[in-house]
Amino acid sequence: MDPKLPPMCGIVGYVGPQSALEVVMAGLKRLEYRGYDSAGVAVLADGGLAAAKKAGKLLNLEKELDGKPLPTGTTGIGHTRWATHGGPTDSNAHPHIDNAGRVAVVHNGIIENFALLRFELEERGHELASETDTEVVAHLLAEEFSSCADLAEAMRLVCRRLEGAFTLVAVHADEPDVVVGARRNSPLVVGVGEGEAFLASDVAAFIAHTRSAIELGQDQVVELRRDGVTVTGFDGRPADVRSYHVDWDASAAEKGGYDYFMLKEIAEQPKAVADTLLGRIDGSGSMTLDEVRIPAGVLREIDKVVIVACGTAFHAGMIAKYAIEHWTRLPCEVELASEFRYRDPILDAQTLVIAISQSGETMDTLMALRHAREQGSKVLAICNTNGSTIPRESDAVLYTHAGPEVAVASTKAFLTQLVACYLVALYLGQVRGTKWGDEIRAVIRDLSSISGAVEQVLGTMEPVRELARTLASKNTVLFLGRHVGYPVALEGALKLKELAYMHAEGFAAGELKHGPIALIEEDLPVVVVVPSPRGRSVLHDKIVSNIQEIRARGARTIVIAEEGDEAVVPYADHLIRVPVTPTLLQPLVATVPLQVFACELATARGNEVDQPRNLAKSVTVE
Ligand code: F6R
């Protein structure tokens, strides 16, 4: 395995009265979105340790366990892996076990000095069976345990010798009622139940059992016993921890009758949008963003906004730029987090950096915000995952209330990121006095009606699904947009790439004539997101011309246009109507048909909608 490309992975640990295997397997099912290249479990039973692991999806492991059941035990750990180099083989799957077969460990992250540690272990006679960096930890834990007979202490000693980013969870057959975890950089949360405790990469793994959670900080080790949880630093000193209540229930992480999580999450968008506004508007229709703990005085001094994000969240940032610049007159840059710190960006205490992330764990975004804070900038996170690393390391956070997003392709998180961005833009306008109270209230009123508009769009999607099915054999689809429709076009193309594995590209429609128009050929599907004919109608007129230009060259035009926009009708081979919305808010409705389109095309092409190939939900590698 290339040590620079560690797996992202899902991790579960359990101690309590229930069958650990059942709890851990159910938890892994909830975490499979984090990686699905291999899976494995270990349980402590009958004074020993038993394990099973298998390349491929969790289903393969289930079949393996059906054929060769493990003994019943009440302490166990499990892992689902997103492999990189080296191939997802049985032997590279976690857990990894020491030579005596007493200690098992699962891992998410990278141990950068594993080669040296492995060499030293081999010198001391250990035999390592896999190509992973993780396996060294099992051997090191076994060595340390043999002298201290305390797994938590052994973990602390080992962690002090490890370099890199890692979350580790381990069990030892000599401590049958203990699970130990360690955290540096990758996520790990603790669930505290009645006489039982859980560890997982994400609360979804234990939400069916408890909604009481504890956030682990950097460089902390946690020891789980049935009767309690002890957290220390790697140095052994007791650590302060933050407990919180998970405010969604187990059904939020179930498919609820839908064939795919993605379909359910698309359908949940009206509620997600409404929930993200909840509590942020007072009785008089003004904004109350108390969570933004950056003092108003500091926000008044800001002279530039920089947004960092990846993928879909980056597209939300691109749209936010239009709103921020228009409503606050502050210059706003949007940058792919993975590019940000490498170009030596100009940042100072007058820069507000907004980091947008559904998972709160995206390594590129995390590194970008750390860089910004080192330069003295204030960082505001827009995030969907309570207690995750990005909000923890930011100066302030505005949570999106989308609920858990399980499908790898982001849908409801995107819409709620947009809502949060609009709120931040309005808040900046309010604090800095660039927007009057009645102007803010007018936008808030428009935002409050968006949930209903999204519902309306969802009710008219059957023709979009039918159209998608007719395009299943195409190789390429292009997407065009202008103004805020341009990032929507990029988002439509991204959804199609990741789900349908088709060549899809988004362009600013005005750029067409500078090159991309050469791609147009007979019957090439081109989706065009048309701005409202009201307000900035000059943009509308220009894009109608673009539609005519591509149609004249043979393109099959799929036009997304506002109700009542008659100018597009003669040039639309397929017309998708969206409700009338203010221009800046149009992405909230115009994106929805593109999500449905991509989902249906993926299904028609026989692809796995929730778990597209080569991807993982939470990208904790750079
Ligand atoms: C695409 C998608 C990804 C994520 C990106 C950032 O559907 O989901 O492009 O948007 O990996 O993830 P977060 O928002 O978790 O930082």
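Residues numbered from 1 in each chain as written. Predicted model: local features only at pLDDT ≥ 70, side-chain atom pairs only at ≥ 80, totals over all residues. Heavy atoms only, no water.

A. Fine view of the domain arrangement of the chain. What the domain assignment reports for the chain is domain 1 (10–246), domain 2 (261–458) and domain 3 (462–604). Between the C-alpha centres of domain 1 and domain 2 the distance comes to 34 Å. Taken together, the contact between domain 1 and domain 2 spans 11 residues of the former and 10 residues of the latter. On the domain 1 side of the contact with domain 2, Tyr-33, Asn-185 and Glu-215 bury the most area, a combined 44% of that side's loss. Taken together, the connections running from domain 1 to domain 2 amount to 1 salt bridge. A salt bridge links Arg-392 to Glu-215, with the nearest nitrogen and oxygen atoms 2.2 Å apart. If you look at where domain 1 meets domain 2, you find 3 residue pairs in polar contact (both at pLDDT 80 or more). Here the residues of the side of domain 1 that touches domain 2 are counted per class, giving 5 nonpolar, 3 polar and 3 charged. (Domains from an automatic or database assignment. Contact = heavy atoms within 4.5 Å. Buried area = accessible area lost by both parts, 1.4 Å probe. Salt bridge = Lys/Arg side-chain N within 4 Å of Asp/Glu carboxyl O. Polar contact = N/O pair within 3.5 Å; in protein donor to acceptor, adjacent residues only side chain to side chain. Nonpolar A, V, L, I, M, F, W, Y, C, P; charged D, E, K, R; others polar.)

B. Molecular detail of the site of the ligand. Taken together, 14 residues form the shell around the ligand, and within it Ser-357, Gln-358, Ser-359, Thr-362 and Glu-498 come nearest. In this structure, Thr-362 approaches the ligand through a side-chain N or O atom, which is 2.4 Å from an oxygen atom. Backbone polar atom of Val-408 to an oxygen atom of the ligand: 3.3 Å apart, as the coordinates give it. Calculation on the ligand without its partners gives an accessible area of 410 Å², and the protein chains cover 89% of this total. Tallied by class, the residues present in the shell around the ligand amount to 5 nonpolar, 7 polar and 2 charged. Here the shell around the ligand spans two domains, since at least three of its residues come from each of domain 2 (261–458) and domain 3 (462–604). (Near = heavy atom within 4 Å. Areas by Shrake-Rupley, 256 points an atom, 1.4 Å probe, with all protein chains shown as cover.)

C. Main features of the sheet that holds strand β24 (residues 574–578). Pairing in this open sheet of 5 strands is parallel, and the strands run β21-β20-β22-β23-β24 from one edge to the other. Pairing within the sheet leaves two strands with one partner each, and these edge strands are β21 (503–508) and β24. Neighbour to neighbour, the strand axes of the sheet diverge by 20° on average, direction disregarded. Bridge count between strand β20 (residues 476–481) and β21: 6 bridges; the pairing is parallel. Its bridge partner lying in β21, Gly-481 is registered against Ala-508. Strands β20, β21 and β22 (525–529) of the sheet are contacted by helix α16 (residues 485–500), whose axis makes an angle of about 175° with β21. (Pairing = 2+ DSSP bridges. Helix = DSSP H or I, 4+ residues; strand = E, 2+ residues; numbered from the N terminus. Axes fitted to C-alpha atoms, helices over the stretch in contact; angles between N-to-C directions.)

D. Examining the pattern of salt bridges more closely. Here the structure, examined in full by the defined rule, presents 35 salt bridges. Glu-62 is the partner of Lys-29 in a salt bridge, and the nearest nitrogen-oxygen pair spans 3.0 Å. Remark: Glu-62 occurs in helix α2 (residues 58–67) and Lys-29 occurs in helix α1 (residues 20–31); sequence separation between them is 33 residues. Using a relative accessible area of 52% as the deciding quantity, one classes Lys-29 as exposed. A relative accessible area of 21% means that Glu-62 is categorised as partly exposed. Among the salt bridges present, the one from Arg-469 reaches Glu-462, with a minimum N-O distance of 3.5 Å. (Buried < 20%, exposed > 50% of the residue type's maximum accessible area, 1.4 Å probe, protein only.)

E. Structural context of the sheet that holds strand β8 (residues 179–184). What the 6 strands build is an open sheet, ordered β5-β6-β7-β8-β12-β13; its pairing is antiparallel. Sheet topology places β5 (96–97) and β13 (228–233) at the edges, where each strand pairs with a single neighbour. By the bridge criterion, 5 bridges tie strand β7 (residues 164–172) to β8 in an arrangement that is antiparallel. Residue pairing for β8: Phe-166 is matched across the bridge by Arg-184.

F. Focus on the environment of His-139. Considering the arrangement of structural elements, one finds His-139 in helix α4 (residues 135–148). Among the residues examined, His-139 registers a relative accessible area of 0% and is labelled buried. Linking His-139 and Leu-478, residues 339 residues apart in sequence, is a C-alpha distance of 52 Å.

G. Region of interest: the nonpolar core. Among the nonpolar cores identified, the biggest contains 129 residues, and Val-41, Phe-479, Leu-496 and Phe-597 are the most heavily contacted of them. No other element matches the 14 residues that helix α13 (residues 412–432) contributes to this core. With 29 residues, the next largest nonpolar core counts Leu-117, Val-137, Leu-140 and Phe-234 among its residues. (Core = buried A, V, L, I, M, F, W, Y, C linked by side-chain atoms within 4.5 Å.)

H. Looking closely at the packing of aromatic side chains. For the structure on display, the rule yields 4 aromatic pairs. Centroid distance Tyr-14 to Phe-198: 5.1 Å. Interplanar angle 45°. Geometry classified as tilted. With Tyr-14 in strand β1 (residues 10–15) and Phe-198 in strand β10 (residues 197–200), this residue pair connects regions lying 184 residues apart in the sequence. For the pair Tyr-14 and Phe-198, a shared accessibility class is recorded, and that class is buried. Members of the aromatic cluster, each reached through a chain of ring pairs, are Tyr-14, Phe-198 and Phe-206. Over the face of the ring belonging to Tyr-501 we find Arg-613, whose NZ or CZ atom lies 3.9 Å from the ring centre. (Phe/Tyr/Trp six-rings, centres within 6.5 Å; stacked < 30°, edge-to-face > 60°. Lys NZ or Arg CZ within 6 Å of the ring centre and 35° of its normal.)

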